[in-house]
Amino acid sequence: MMRKAVLFIFCVFLVSCGEKVVEEPEQLISKEKMADILYDLAILTAAKNTSTDILVKNNIETMEYLYSKYDIDSVQFVDNNLYYASIPSEYVAIYKEVDSRLESVQKGMDEARRIKADSVRKARDKAKENRIKPTKELRSTVQDSL
C-alpha cells in the first residue's frame, strides 16, 4: 500500500512538472529583444543609482523610456518577463547575454580609464622634465644680487 502511494505521488509530480507553468503571452517578445530591454534596464538603473541628476535633467523615466523605445507596454513587459522566468534555461540564457554585454562595456570603460591615466601620467612626467632646473650660474647670480 505504501509503495503504491509513493508511486502515485511520484507520478503526480512527474506529470505536474511537464505542464507549462505560465502560458505564452499573446504578444511574445523575442529572446533577443528581451535581452536588449533587460540590458537597457540595467544601464538605466546603474545611471539612476549613480547620477540621478542626468535622468532628472533630461526628464527620463526609466520604464516609460523603455516602453517607448521598444514599443511595448507595462503589461506586455511583465507578461513576457514572467513567461521567460518560468522557463529557467531560456531566462538564464537571456541574462547571460545581458551579462556578457555589460562585461564588454565594462572592459571598454576600464581600458579607456587606463589610457587616460597613462596619458595624464606621461603629461606629468613631461612637465617635470621641462621644469627649469637652477644651474650653478643662476644660483651664483641670485646670491650675488642679494
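Counting starts from 1 at the beginning of each chain's written sequence and moves along it residue by residue. Restriction of local features to residues with pLDDT of at least 70 applies here, the model being predicted, together with a cutoff of 80 or more for giving and counting side-chain atom pairs; totals for whole chains, interfaces and linings are based on all residues. Hydrogen atoms and water are omitted, and side-chain values are computed over all heavy atoms in the structure.

(A) Representation of the overall build of the chain. Secondary structure elements are taken from DSSP: a helix is a run of H or I of four residues or more, a strand is a run of E of two residues or more, and numbering for both begins at the N terminus. When you go through the chain residue by residue, the secondary structure sums to seven helices and zero strands. Its helices and strands in sequence order give the chain the pattern α-α-α-α-α-α-α, from N to C terminus. Residue burial is assigned from relative accessible area. The probe radius is 1.4 Å, only protein chains are included, and a residue is buried under 20% of its type maximum, exposed over 50%, and partly exposed in between. Counting over 146 residues, the chain shows a buried share of 17%. Residue pairs at least 24 apart in sequence account for 72% of intrachain contacts in the chain once pairs closer than 6 positions are excluded. To measure how exposed things are, a 1.4 Å probe is used in the Shrake-Rupley method; for residues, cover is taken only from the protein chains shown. When the accessible surface of the chain is split by element, carbon and sulfur atoms take 58% of a total near 12000 Å². In this description, contact between two residues means that some pair of their heavy atoms is separated by no more than 4.5 Å.

(B) Just the packing of helix α2 (residues 31–50) against helix α4 (residues 62–70), in detail. Lines fitted to the C-alpha atoms define the axes, with helices restricted to the stretch that makes contact. Angles between their N-to-C directions range from 0 to 180 degrees. Two elements in contact, α2 and α4, have axes separated by 10 Å at closest approach and are oriented at 150°. Of the possible angle classes, the one that applies to α2 and α4 is roughly antiparallel. The chirality of how α2 crosses α4 is right-handed. Together, K33, D36, I37, D40, L41, L44 and K48 of α2 and T62, M63, Y65, L66, K69 and Y70 of α4 make up the contact between the two elements. If an angle is under 35 degrees, it is roughly parallel; if it is over 145, roughly antiparallel; if it lies from 65 to 115, roughly perpendicular; otherwise it is oblique. Two helices crossing with the near one rotated counterclockwise from the far one by less than a right angle form a left-handed crossing, whereas a clockwise rotation gives a right-handed crossing.

(C) Examining unusual backbone geometry more closely. The phi angle at N59 is positive, at roughly 55°, despite the residue not being glycine. With respect to the helices and strands, N59 occurs in the loop between α3 (52–57) and α4. Backbone geometry at D71 places phi at a positive 55°, although glycine is not the residue there. Tracing the sequence through the fold places D71 in the loop between α4 and α5 (74–85).

(D) Local environment of the packing of aromatic side chains. Note on aromatic contacts: the rings of Phe and Tyr and the six-membered ring of Trp form a pair at centre separations within 6.5 Å, being stacked when their planes are under 30 degrees apart, edge-to-face when over 60 apart, and tilted otherwise. According to the stated counting rule, one finds three aromatic pairs in the structure shown. Centre to centre, the rings of Y67 and F77 are 6.5 Å apart; their planes meet at 55°, and the pair counts as tilted. Placement of Y67 in helix α4 and of F77 in helix α5 is noted, with a sequence separation of 10 residues between them. Take Y67 and F77: they sit in the same class, and that class is buried.

(E) Structural detail: the pattern of salt bridges. Put simply, a salt bridge is a Lys or Arg side-chain nitrogen that is within 4 Å of an Asp or Glu carboxyl oxygen. Within the structure shown, the criterion is met by six salt bridges. For R101, the salt bridge identified is with D36, shortest N-O distance 2.6 Å. Linking R101 in helix α6 (residues 88–130) with D36 in helix α2, this pair joins segments that are 65 residues apart in sequence. Relative accessible area serves as the criterion here: at 26%, R101 is assigned to the partly exposed category. Look at the salt bridges and you will find they share partners, linking E111, R114, D118 and R121 into a network.

(F) A look at the confidence of the model for the chain. A score from 0 to 100, pLDDT tells how confident the predictor is in each residue. Summing up the model confidence of the chain, the mean pLDDT is 82 and the portion of residues at 70 or higher is 76%. Across the chain, element-level confidence peaks in α5 with a mean pLDDT of 95 and bottoms out in helix α1 (residues 2–18) with 49.

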